[in-house]
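# Residue-level structure breakdown
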Amino acid sequence: MKMTAIVMAIFTILTSILITLLLLSATFPEEVPKDIVKLLTVVTLVIAITSIALQQRELKRASKEPKKIVIIRCDKCSYRLERSFKEGDYILKTVGQCSCGGLLYIDSIYVEKKVK
Amino acid sequence: MLRRLENMVKKSKEILISQLSSFGSSVHEISRRIDEILEFFVIPPVERDPFGVLRRLEHILDTERERFHQIIRTLAPKVNGIKMRNLENMLEAAIALNSLYRLTRHYALLGRRTKSVFMIMQLEMMLPQITRFAEAYYNAVVSFKDGVPIGDGIGALVVSKLIRRTNAVIKAIKNNTIIAETKIMNRKVLLIKALGPGGEIGKPGTIVEELLSTYKNPRISRIIMIDAAQKLEGEKSGEIVEGVGAAIGDPGPEKMKIEEAATRYGVPIDAIIVKESFEEAISPMTREIAEAADKVIERIYDIISSRTKEGDAVIIAGIGNSIGIAQ
């Protein structure tokens, strides 16, 4: 996932520079003034990097899921365990045996993050 | 904003396709049909002639449920019972999200086409509310995918905990609703909740009506209903409030049956509600709401000890979606 993001970022920057150079050569068929090339390359780079940063921030924000917590209890003693949610978990599911001989079951499943 | 909504619809569609494709059908086949399915609609019954409107509504809702069942069976032929209900719920949330997006797009384009500043301004002012609803529906798609309990399931959670704590015996499963029997403080207690851990709401009204008419020895002397209720802004999530009346947020048929039967047999109904926002109701259950379950059980014990006599029979109905909550 991270590798794909890096490849995409490099690809975006290179494509932006290429497009800028193509546009410059089309605008100035004889010789492109060096100052303009420098200025436009810098501007293109800044725009490309900013857009990548904004896109990454948005992706990070969208993928931020609240942590799901599972509370496991013993039906005989006061044993209590807190762990992350696994697929297939549900409330009252028996998940094993306690050292006291009682059954361990899922008592609660909830998310920590409060909904806005 | 429209693009953000579109992205949410796109992502929910992707989740739905990936989930459905893991149960038999090809991704190509599902992708081909999904757009059409997301525009599924229900035409409510005529209300100008109100006679029998709830009976007609119930029939339409039953048909809708049956259709969802068929759609999922066709798109995911190898799916089992629990996952099937979760997929049905996912589909419902995705349809709601898609409708919200289409409606928002309609007004945005109409405003642009007619150059109506007022229409665009109205839409602009509604955007924060639309975003909240859209995010809630999107979260619902994600939680139904994982099978995590949602805020609306607090009633089912309370009954599920009571079943465990009192070693209640499950007597019957009808209309995807379970009836369990136990004894609390020398009172016969009948516990009702939707069949879990799949995403199911059951038909608590039908069951309560049936129990009131068939349970003779002893007769039901009280009904206690537990449900999630919409909190107002500024109120705390997970707050418990008590009142009277049928605490059930269905479109009407189930509520009507409970009210009718309770009135016919003269049985008082106590309502315990747990406050939460609309977003919390269809998103994964938060800690505040989950922790309210134990406090609700204390209230139930209080009601049983103070408002019923030894030897009485009491119905406790936990209303709400039972996703991620077994019995």
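Residues numbered from 1 in each chain as written. Chains lettered and ligands numbered in written order. Predicted model: local features only at pLDDT ≥ 70, side-chain atom pairs only at ≥ 80, totals over all residues. Heavy atoms only, no water.

## Digging into empty space enclosed by the protein
Empty space among the atoms becomes apparent when a probe as large as a water molecule is rolled across them. To keep things clear, this is the line we draw: Think of a 1 Å grid over just the protein atoms. A cavity is a set of points where a 1.4 Å probe fits yet cannot get out, a pocket is an open set with protein on both sides within 12 Å along at least five of seven lines, and lining residues have an atom within 4 Å of a point. Grid points are joined across faces, edges and corners, and a volume is the space filled by probe spheres set on the points. Working definition: helices are DSSP H or I runs of at least four residues, strands are E runs of at least two. Numbering for both runs from the N terminus. Note that Gly is not counted as nonpolar here; it falls among the polar residues with everything else outside the nonpolar set of Ala, Val, Leu, Ile, Met, Phe, Trp, Tyr, Cys and Pro and the charged set of Asp, Glu, Lys and Arg.
Enumeration according to the criterion identifies one cavity of 30 Å³ or more in this entry. The calculated volume of the largest cavity comes to roughly 30 Å³. Looking at the largest cavity, the residues that line it are Leu92(A), Tyr105(A), Asp107(A), Lys161(B), Arg164(B) and Arg165(B). Going through the elements one at a time, β4 (103-111) of chain A together with α6 (154-165) of chain B are the ones with two or more residues in the lining of the largest cavity. Here the residues of the lining of the largest cavity are counted per class, giving two nonpolar, no polar and four charged.

## Notes on the domain arrangement of chain B
Residue and element names in this part refer to chain B. The condition that has to hold: Domain start and stop points were drawn from an automatic or database domain assignment. Pairs of residues are marked as contacts when any of their non-hydrogen atoms sit within 4.5 Å. A quick way to say it: buried area is the sum, across both parts, of accessible area lost when two parts are put together, with a 1.4 Å probe. The rule for a salt bridge is simple: a side-chain nitrogen of Lys or Arg has to be within 4 Å of a carboxyl oxygen of Asp or Glu. Here a polar contact is recorded for every N or O atom pair within 3.5 Å, except that within protein the pair must consist of a potential hydrogen donor and a potential acceptor, and residues adjacent in sequence are included only if both atoms are side-chain atoms.
Along its sequence, chain B is organised into domain 1 (2-146) and domain 2 (151-318). Here the C-alpha centre of domain 2 lies 29 Å away from the C-alpha centre of domain 1. Taken together, the contact pairs 17 residues of domain 1 with 22 residues of domain 2. Buried area between domain 1 and domain 2, both sides added, is near 1,600 Å², and the carbon and sulfur share of it is 58%. Taken together, the connections running from domain 1 to domain 2 amount to six salt bridges. In this structure, Glu 58 and Lys 203 form a salt bridge, with 3.1 Å as the shortest nitrogen-oxygen distance. At the boundary of domain 1 and domain 2, one finds nine residue pairs in polar contact (both at pLDDT 80 or more).

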